[in-house]
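Here's the letter readout for the chains.
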Amino acid sequence: MNEKIEIPLSKMKIILLVIGALVFVVLGVLLIMEPATFVTSRFKNESMIRIIGIASVSFFGIGLFFIARKLFDNKVGLILDSNGIIDNSNAANVGLIEWQDITGVEVLQIASTKILILLTDKPDKYIDRVKNKMAKRVMKTNYYSYGSPLSIVSTSLKIKFNDLEKLIVTEFEKRK
């Protein structure tokens, strides 16, 4: 492949992700501030409701921060060329992922989200490139949990997951 394939970020998908994260942050704040309002036969303990609210605000607040940054990012979301893949679709921007470092491609599904895992025999090379401590921690966790720190999702890209998977697998197969 001599040509470069560029897949832009989908601002509409990112806006929807921001709205979703914002809803969970607001809901979390309500759980923290007014836990008695949310007491049910299943959740009777106000302290537990408050803990769920704190977890919601923490997780979705951090996600909201990283997702919102992508709204103002004018870089291309994903680039495939003869050298490899440059993924700018998430917070862990590792730069060029060289084809020669990719040993396989797998699909992982968590709830309804499908994730493309790029297996590599050089995980530390890519983990060490990440400057953001939280993104680095996520990459290490992914490596221990799923066998690779490198993952790509289509949630912020202008491409459907099945098309993304087909494209990356095809390009990877050309270089095996």
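About the cut-offs
Residues numbered from 1 in each chain as written. Predicted model: local features only at pLDDT ≥ 70, side-chain atom pairs only at ≥ 80, totals over all residues. Heavy atoms only, no water. Helix = DSSP H or I, 4+ residues; strand = E, 2+ residues; numbered from the N terminus. Buried < 20%, exposed > 50% of the residue type's maximum accessible area, 1.4 Å probe, protein only. Contact = heavy atoms within 4.5 Å. Lys, Arg positive; Asp, Glu negative; His and termini not counted. Charge placed at Lys NZ, Arg CZ, Asp CG, Glu CD. Pairing = 2+ DSSP bridges. Axes fitted to C-alpha atoms, helices over the stretch in contact; angles between N-to-C directions. Phe/Tyr/Trp six-rings, centres within 6.5 Å; stacked < 30°, edge-to-face > 60°. Patch = residues over 30% accessible without salt bridge, like charges linked within 9 Å, V, L, I, M, F, W, Y side chains within 5 Å. Areas by Shrake-Rupley, 256 points an atom, 1.4 Å probe, with all protein chains shown as cover. Salt bridge = Lys/Arg side-chain N within 4 Å of Asp/Glu carboxyl O. Parallel < 35°, antiparallel > 145°, perpendicular 65-115°, else oblique. Left-handed = near helix turned anticlockwise from the far one by under 90°. Nonpolar A, V, L, I, M, F, W, Y, C, P; charged D, E, K, R; others polar.

**Topic: the overall build of the chain**
Moving on, step 1. Scanning the chain from terminus to terminus reveals five helices and seven strands.
Moving on, step 2. Listing the helices and strands of the chain from first to last along the sequence gives β-α-α-β-β-β-β-β-α-α-β-α.
Moving on, step 3. In terms of overall dimensions, the chain has a C-alpha envelope of 60 × 30 × 30 Å along the principal axes.
Moving on, step 4. Here the chain holds 176 residues, and 36% of them are scored as buried.
Moving on, step 5. Within the chain, counting contacts between residues at least 6 apart in sequence, those at least 24 apart form 61% of the total.
Moving on, step 6. Here the chain holds 24 positive side-chain charges and 17 negative ones, and the gap between their average locations is 5 Å.

**Describing the pairing of strand 6 (residues 113-120)**
Moving on, step 1. Burial analysis of strand 6 places six of its eight residues in the buried class, which makes it a mostly covered element.
Moving on, step 2. For strand 6 and strand 7 (residues 150-152), the ladder comprises three bridges, and the chain directions are antiparallel. When the sheet's bridge partners are listed, isoleucine 117 is paired in strand 7 with serine 151.

**Details of the sheet that holds strand 5 (residues 102-110)**
Moving on, step 1. With respect to topology, three strands assemble into an open sheet ordered 5-6-7, the strand pairing being antiparallel. Sheet topology places strand 5 and strand 7 at the edges, where each strand pairs with a single neighbour. Here the strands of the sheet are splayed against their neighbours by 30° on average, with no regard to which way each runs.
Moving on, step 2. Here eight bridges tie strand 5 to strand 6, and the two strands are oriented antiparallel to one another. Each residue of the ladder has a partner; that of leucine 108, found in strand 6, is isoleucine 115.

**Description of the packing of aromatic side chains**
Moving on, step 1. Counted under the stated rule, the structure contains four aromatic pairs.
Moving on, step 2. Geometrically, the ring pair formed by phenylalanine 24 and phenylalanine 60 is stacked, given 4.4 Å between the ring centres and 15° between the ring planes. Within this pair, whereas phenylalanine 24 is found in helix 1 (residues 11-33), its partner phenylalanine 60 is found in helix 2 (residues 46-71), the two being separated by 36 residues in sequence.
Moving on, step 3. What makes phenylalanine 60 partly exposed here is its relative accessible area of 24%.
Moving on, step 4. Centre to centre, the rings of phenylalanine 59 and phenylalanine 60 are 5.0 Å apart; their planes meet at 90°, and the pair counts as edge-to-face.

**Observations regarding a nonpolar patch on the surface**
Moving on, step 1. Residues Met12, Ile15, Leu16, Ile19 and Val23 make up a contiguous nonpolar surface patch of about 480 Å² in total accessible area.
Moving on, step 2. Mapped onto the secondary structure, leucine 16 falls in helix 1.
Moving on, step 3. Taking relative accessible area as the criterion, leucine 16 reaches 53% and is therefore assigned exposed.

**Quick word on the packing of helix 1 against helix 2**
Moving on, step 1. Contact pair helix 1 / helix 2: the axes reach a minimum separation of 7 Å and the direction vectors enclose 155°. Considering the angle they form, helix 1 stands roughly antiparallel to helix 2. For helix 1 against helix 2, the interelement crossing comes out left-handed.
Moving on, step 2. Its residues assigned to classes, the contact of helix 1 with helix 2 shows 20 nonpolar, four polar and three charged.

**Details of the sheet that holds strand 1 (residues 5-7)**
Moving on, step 1. Pairing is antiparallel across the open sheet formed by four strands, whose spatial order is 1-2-3-4. Unpaired on one side and paired on the other, strand 1 and strand 4 (96-98) mark the two borders of the sheet. Neighbour-to-neighbour, the strand axes of this sheet turn through a mean angle of 15°, independent of strand direction.
Moving on, step 2. The pairing of strand 1 with strand 2 (residues 78-80) spans three bridges and is antiparallel. When the sheet's bridge partners are listed, isoleucine 7 is paired in strand 2 with leucine 78.
Moving on, step 3. Along the sheet, helix 5 (residues 161-174) makes contact with strand 1, strand 2 and strand 3 (84-87), crossing strand 2 at roughly 30°.

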